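# Per-entry structural report
So the chains spell out like this:
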Amino acid sequence: MSVSFQLYSARNFTPWEDVLSMLADLGYRNVEGFGGVYENPAEFAKALDSRGLAMPSGHFSIDMLENDFGKATDIAATFGMKKIYCPYLMPDARPTDQSGWKGLADRLSAINEKVRAAGYLFGWHNHDFELVALADGSVPMATILDNAPAIGWEADIAWIVRGGADPLEWIERYGNRITAAHVKDIAPAGECVDEDGWADVGHGTMNWKAITAALLKTNCDLFIMEHDKPNDARRFASRSITAFNSF
């Protein structure tokens, strides 16, 4: 099991050199990349290496994976990534019926074939919208996983909860598909409003001890600390790794 840190969590606390030094000082050894750190991969990779940090996974847009695949794999290779995840669809690009979500599953299956052929693992990263049932009762996340059986899943557990679903049920049902998990917490109602209701890991309402135990029975071997809008990146990073290591 490896612990990582999604660099998106610290996007408002740059320069990145300071962020990376802070993470290394706190005991992190892995980070997860996103588009905001791919401008100069070689330079950023050197900054990681000099601090004893690695980037085993990264997020890439579906547009890049479909239309500029060579750029995506060049970035992944420069960082020494093992896992490539597609993280999001803009609201205007989200299907509105099950047929549309099956179409997305077909697109992800095609991407998966290319990613696997290039030597990486591939998966989808969920938010909350994929857990909300459509008018016909179908759930987009299930449609994706059932109709793209070869892809993996980077399960964002807190977004499952925000989507109104039970994460333990989803872990039980699709655990063999989970190859990484985002570890974040939800504040009690009315708290951390300036942080969009997110909390530091272990300081919110999520039962991470039970969730971690369930994930360790799956194919998940990468646990990535994340907070979508922290007002103090160091506080979040420090409290979260300390809490996670106690689970």
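First, a word on what this report is: a plain description of the structure on this page. Since the model is a prediction, treat every value here as computed from it, not as a measurement.

### Looking at the overall build of the chain
The helix and strand inventory of the chain stands at 10 helices and 10 strands. The C-alpha radius of gyration of the chain comes to 17 Å, within 12% of the 18 Å expected for a compact globule of 247 residues. Overall size of the chain, expressed as C-alpha extent along the three principal axes, is 50 × 45 × 35 Å. Taking all 247 residues of the chain together, 54% fall into the buried category. By sequence separation, contacts in the chain at least 24 residues apart represent 75% of the contacts at least 6 residues apart. Of the roughly 10,600 Å² of accessible surface on the chain, a fraction of 48% belongs to carbon and sulfur atoms.

### Quick word on helix H5 (residues 98-117)
Here H5 is 20 residues long and its end C-alpha atoms lie 29 Å apart, about the 28 Å a rise of 1.5 Å per residue gives. Those residues of H5 hidden inside the fold are in contact with helix H3 (62-67), helix H4 (69-79), strand S4 (83-86), strand S5 (121-125) and helix H6 (140-147). Trailing H5 by a residue or two, glycine 119 shows a phi angle of about 100°, which is positive.

### Let's talk about the environment of histidine 203
For histidine 203, the location among the structural elements is in the loop between strand S9 (198-199) and helix H9 (208-215). Separated by 19 residues in sequence, histidine 203 and lysine 184 place their C-alpha atoms 9.6 Å apart. Look past the residues within four positions of histidine 203 in its chain and what remains in contact with it is Asp185 and Arg239. Here the side chain of histidine 203 touches arginine 239 through a polar contact of 2.6 Å, side chain to side chain.

### Thoughts on H6
By the criterion of burial, H6 is predominantly enclosed, with six of the eight residues buried. Every buried residue of H6 is listed here: Pro140, Met141, Ala142, Thr143, Ile144 and Leu145. On its buried face, H6 sits against H5, S5, strand S6 (152-156) and helix H8 (167-174).

### A look at the side chain of glutamate 195
As for its position among the elements, glutamate 195 is in the loop between strand S8 (185-186) and S9. Take glutamate 195: its relative accessible area is 4%, and that puts it in the buried class. One polar contact links the side chain of glutamate 195 to the main-chain amide nitrogen of asparagine 231, over a distance of 2.8 Å. A distance of 2.9 Å separates the side chain of glutamate 195 from the side chain of arginine 235, its partner in a polar contact.

Thresholds applied
- By convention here, each chain's residues receive numbers from 1 onward along its written sequence.
- The predicted origin of the model limits local features to residues at a pLDDT of at least 70 and limits the giving and counting of side-chain atom pairs to 80 or more, whereas totals for whole chains, interfaces and linings rest on all residues.
- Processing note: side-chain calculations cover all non-hydrogen atoms of the structure and skip hydrogens and water entirely.
- Note on conventions: DSSP H or I runs of at least 4 residues are helices, E runs of at least 2 residues are strands, and numbering of each starts at the N terminus.
- Radius of gyration: C-alpha atoms only; globule rule: 2.2 Å multiplied by the number of residues to the exponent 0.38.
- The rule is simple: take the accessible area with a 1.4 Å probe, protein chains only, and divide by the maximum for that residue type; under 20% is buried, over 50% is exposed, in between is partly exposed.
- It only takes one pair of heavy atoms within 4.5 Å for two residues to be counted as in contact.
- Per-residue accessibility takes into account occlusion by the displayed protein chains alone, with areas from the Shrake-Rupley method and a 1.4 Å probe.
- Each residue after the first adds 1.5 Å to the expected span of a helix.
- Within 3.5 Å is the distance limit for a polar contact, defined as a pair of N or O atoms, with the added protein rule that one can donate a hydrogen and the other accept it, and that residues adjacent in sequence qualify only through two side-chain atoms.

Geometric values such as these leave the question of function open.
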